[in-house]
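Given next are the chains, with one letter for each unit.
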Amino acid sequence: MTSDPRRLAAAVRALAMDAVERAKSGHPGMPMGMADVATVLFQKHLKFDAARPDWPDRDRFVLSAGHGSMLIYALLHLTGYADMTIEEIKRFRQLGSRTAGHPEFGHAAGIETTTGPLGQGLANAVGMAMAERALAARFGKDLVDHRTWVIAGDGCLMEGISQEAIGLAGRQKLEKLIVLWDDNDISIDGKIALSDITDQRKRFEASGWRTLAVDGHDPAAIDAALAEAANGDRPTLVACKTVIGFGAPKKAGTKSAHGEPLGAEELAAAKAAIGWTAEPFDIPADIAADWRAIGARGASVREAWEKRLAASPQAAAFVEAIDGDVPTRARDALAAHAAKMAETKPSIATRAASGLALDAVFAEWPSLIGGSADLTGSNNTLVKGTEYFAPETPGGRYVNYGIREHGMAAAMNGLALHGGLAPYGGTFLCFADYSRPAIRLAALMGVRVVHVMTHDSIGLGEDGPTHQPVEHLASLRAIPNCYVFRPADAVETAETWACALDLDTAPSVLALSRQATPPLRMSAGENMVAKGAYVISPAKGKSQVALFASGTEVAIALAAQAQLAEKGIAARVVSCPCFELFAEQDDDYQDAVIGPDTELRIGVEAAIAQGWFEAFELDAFLGMTGFGASAPAKDLYAHFEITPERIVEAVTDLLEG
């Protein structure tokens, strides 16, 4: 193996420059600047085996500064990840390639998370480090003992989510989390001082981190710093002083190195400066061999781990956790709980019903790990007797995230991406706006994260319009591959939890009420929420009218149905707990629910109408057209005319018209 890591780093720089130049698009500066740090990390510190990228006990490497994607693509190719071929490098940023503009989870092995929106990867990494600790507490260090390494840039640290993430990591004392800060003093606009004068090391230290500093172009110093960082009692920030676009004679250290190809002349000069004479995309045989050896050096460690797993009495439980499938016993527990709710018929808020469903399933699936953004009592997310996840109790299964909705959502993505855990976390539905960027990325990646979002409408009452969701259901339903559930009673809530946990390739949002709702489902057998929408109360005789509603408004629609019957108007009521699941049903089922022969279809939800007309072919909608107000819930429903009487009035007017 070559004794000069600079030659290894030169290969990374060359591939980054060549790929960006061919694509005529991309960010060469960061890969060129951080090549030395990344080379030392992969050569001497990162625990991985390129031949087995899914090895559960590998170190996690997160490129939070995702615009520098050619750094990770070059590293994956050079170390021998089978699907990162030189052809994929040549197809950087092209349609259908594995080498997207920003790293995307699932596109290629070795990409642990989707990054690009700055700060998200850093927060994901906090969740990954939490997952490592939780699983080590459950299964022991013979099976779980690895680190999480992050490369983050100035932009990651300026984003607000970074403070939420580092504050959480500092409180949890995540000593196996190491952040390598690309301290190059450049952003798109120019020098960092144009917009920020924060002393980042002091900020991290104030949040409970240890910080180190190193010359990011001195391999020996980098090696020593990473070794020190890997042996601490707190998370560590290593400030790596680098030059963006290292080697480029005119562009190095300037903003023009950030996000545009170097150009043929500057590229040639940069290669000359780093001593690279090979043709574009060509890696000399000796350097290629050294890099492949780096990719294989973890094989013996991985093989020893596999032997320990095979001999472990916890092997079956560990495999079950990593596989991530909902155990049959957990499904059975939720089904039995739904049947109990149908029998006992409680009149409770759906947030309380959610807490009861968690009580039923939590002990049956040890992979569940919950939490809340400082709203535990309101969200009903803590199962009685559950220990808090903390440095003193690493086996605890409930996280006190603090008032950090964005950080919580992104950390839950990391918990899910790591494998072995199924996270859920609570906040108010109106604060989905704080969580939304991370929810969107979970949907893009296709990972199971359950967002328990209570206080779902004007029904929360006196806290007023700042806390009353109006547009939030529509905005969340607009996210592709995000499943929004709004159950109507305790039975539907139990079924909602079963559906959410079964969604192993998508996040879900559970919109739950603060106010009580009466029991509506009098029997439980087939999971009707799984159909997305269903006739909860058929018409007596041929249906003239169909009333479509979700959540607490289903009870209002049922009351209107009874009043319409007194007027001789036959109506049926359709409960609509999940638009996304309904859209997945076959045409025959959808037609039967929508009722093409029905004269009039009206939707009812204490929210804006967006999405309702398209989902159910409505003729009219009763709901919100603006913000709410501060008053008791009953008064608000009357004020905004979301009542049985208003539904009856609308039906009669429309039928007569």
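Look up: the structure comes first, before these words.
Note that the coordinates shown come from a computational prediction; the quantities given were computed from them, not determined experimentally. (Residues numbered from 1 in each chain as written. Predicted model: local features only at pLDDT ≥ 70, side-chain atom pairs only at ≥ 80, totals over all residues. Heavy atoms only, no water.)

Draft legend 1. Structural context of helix 10 (residues 264-273). Here helix 10 has its buried residues at E266, L267, A270 and K271. Take helix 10 and look down its axis: the buried residues cluster within an arc of 135°, on one side only. Projecting away from the buried face of helix 10 at angles above 90 degrees are the exposed residues A264, E265, A272 and A273. One or two residues past the end of helix 10 sits G275, with phi positive at roughly 75°. (Buried < 20%, exposed > 50% of the residue type's maximum accessible area, 1.4 Å probe, protein only. Helix = DSSP H or I, 4+ residues; strand = E, 2+ residues; numbered from the N terminus. Arc of directions from axis to C-beta.)

Draft legend 2. View of unusual backbone geometry. With phi around 55°, K345 is a residue other than glycine that occupies positive phi space. Mapped onto the elements of the fold, K345 is located in the loop between helix 14 (328-344) and strand 8 (348-349). The phi dihedral of H455 falls on the positive side, at around 60°, and the residue is not glycine. Here H455 is to be found in the loop between strand 12 (450-454) and helix 19 (472-477). On the accessibility criterion, H455 (5% relative accessible area) is buried.

Draft legend 3. Looking closely at the sheet that holds strand 17 (residues 545-549). Read from one edge of the open sheet, five strands run 16-18-17-19-20, paired in mixed fashion. This sheet does not close on itself; its edge strands, each paired only once, are strand 16 (534-537) and strand 20 (620-622). Here the strands of the sheet are splayed against their neighbours by 30° on average, with no regard to which way each runs. Running over the sheet, helix 21 (residues 553-566) touches strand 16, strand 17, strand 18 (571-575) and strand 19 (600-604) and is turned about 175° from strand 18. (Pairing = 2+ DSSP bridges. Axes fitted to C-alpha atoms, helices over the stretch in contact; angles between N-to-C directions. Contact = heavy atoms within 4.5 Å.)

Draft legend 4. Looking closely at the sheet that holds strand 10 (residues 398-400). Taking strand neighbours across the sheet as the criterion, the six strands line up as 10-9-11-12-14-13 in an open arrangement whose pairing is parallel. With one partner strand each, in any of the chains shown, strand 10 and strand 13 (483-485) form the two edges of the open sheet. The average angle at which neighbouring strand axes cross in this sheet is 20°, direction not considered. With three bridges connecting them, strand 9 (residues 368-372) and strand 10 associate as parallel partners.

Draft legend 5. Representation of the packing of aromatic side chains within the structure. This model, assessed by the stated rule, comprises 18 aromatic pairs. With centroids separated by 6.3 Å and ring planes inclined at 5°, the aromatic side chains of F48 and Y81 adopt a geometry described as stacked. Here the residue F48 occupies a position in the loop between helix 2 (29-45) and strand 1 (60-63), and Y81 occupies one in the loop between helix 3 (69-79) and helix 4 (86-90), the gap between them amounting to 33 residues. With a centroid separation of 5.2 Å and an interplanar angle of 90°, the aromatic rings of F579 and F616 are classed as edge-to-face. Linking F579 in helix 22 (residues 579-583) with F616 in helix 24 (residues 612-616), this pair joins segments that are 37 residues apart in sequence. Of the two residues, F579 and F616, neither departs from the other in class, the shared state being buried. Here the aromatic cluster, defined as three or more aromatic residues joined through ring pairs, consists of F548, F579, F582, Y589, W612, F616 and F621. (Phe/Tyr/Trp six-rings, centres within 6.5 Å; stacked < 30°, edge-to-face > 60°.)

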